[in-house]
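# Overview (structure and organization)
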Amino acid sequence: MAQIRMDVRDSHGQPLPALCDEFFDLGLPVDHCRLAQSLLRMIRDDHGQSAARSVHLIRDGEEIGSWSIAREHAEISEANTGLRTPPVAA
């Protein structure tokens with residue numbers, strides 16, 4: 001059975017070895033970006049002022065999903081911009 005490596009990185013892109021891990025790839029149909037998002041949130045919640053800024057999921061040397069604080073902020077900003085868009089004139 002294959003494994004997925006979870007690389008957790010700081011704001012400079014440097015790995016945080018104490019937070020990196022490996023787990024079995026169960027081959028389930030999963031959105032790996034959303035899985036990385038959940039893992040990053042969990043790590044940051046568990047470690048309070050954690051230096052963790054991104055999670056990268058890697059299988060067989062290839063990144064299969066990632067999430068970062070910057071991406072989180074971009075999605076929130078995009079959603080907020082959409083809320084402020086004036087309605088189209090009829």
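Owing to the predicted nature of the structure, the values given are computational and were not obtained by experimental measurement. (Residues numbered from 1 in each chain as written. Predicted model: local features only at pLDDT ≥ 70, side-chain atom pairs only at ≥ 80, totals over all residues. Heavy atoms only, no water.)

## Here we look at the pattern of salt bridges
In plain terms, the rule: Throughout this description, the term salt bridge denotes a Lys or Arg side-chain nitrogen within 4 Å of a carboxyl oxygen of Asp or Glu. Helix and strand assignments come from DSSP, with helices taken as H or I runs of at least 4 residues and strands as E runs of at least 2, each series counted from the N terminus. Classification of residues uses two cut-offs on accessible area relative to the type maximum, computed with a 1.4 Å probe and protein chains only: under 20% is buried, over 50% is exposed, and between them is partly exposed.
Enumeration over the complete set of coordinates arrives at 5 salt bridges. In this structure, the salt-bridge partner of Arg34 is Glu75, at a minimum N-O distance of 3.4 Å. Placement of the pair is Arg34 in helix α1 (residues 32-46) and Glu75 in helix α2 (residues 69-84), with a sequence separation of 41 residues. The partner of Arg41 in a salt bridge is Glu72, and the shortest N-O contact between them spans 2.5 Å. Linking Arg41 in helix α1 with Glu72 in helix α2, this pair joins segments that are 31 residues apart in sequence. Here Arg41 falls in the partly exposed class, since its relative accessible area comes to 44%. Judged by its relative accessible area of 15%, Glu72 is buried. The structure contains a network of salt bridges with shared partners spanning Arg5, Asp7 and Arg9.

## So, the side chain of His32
Formally: Residues count as neighbours in contact if any of their non-hydrogen atoms are within 4.5 Å of one another.
Tracing the sequence through the fold places His32 in helix α1. Taking the relative accessible area as the measure of exposure, His32 reaches 14% and is therefore buried. Residues contacting His32, with those up to four places away along its chain left out, are Ile4, Leu57, Arg59, Ile64, Gly65 and Ser66.

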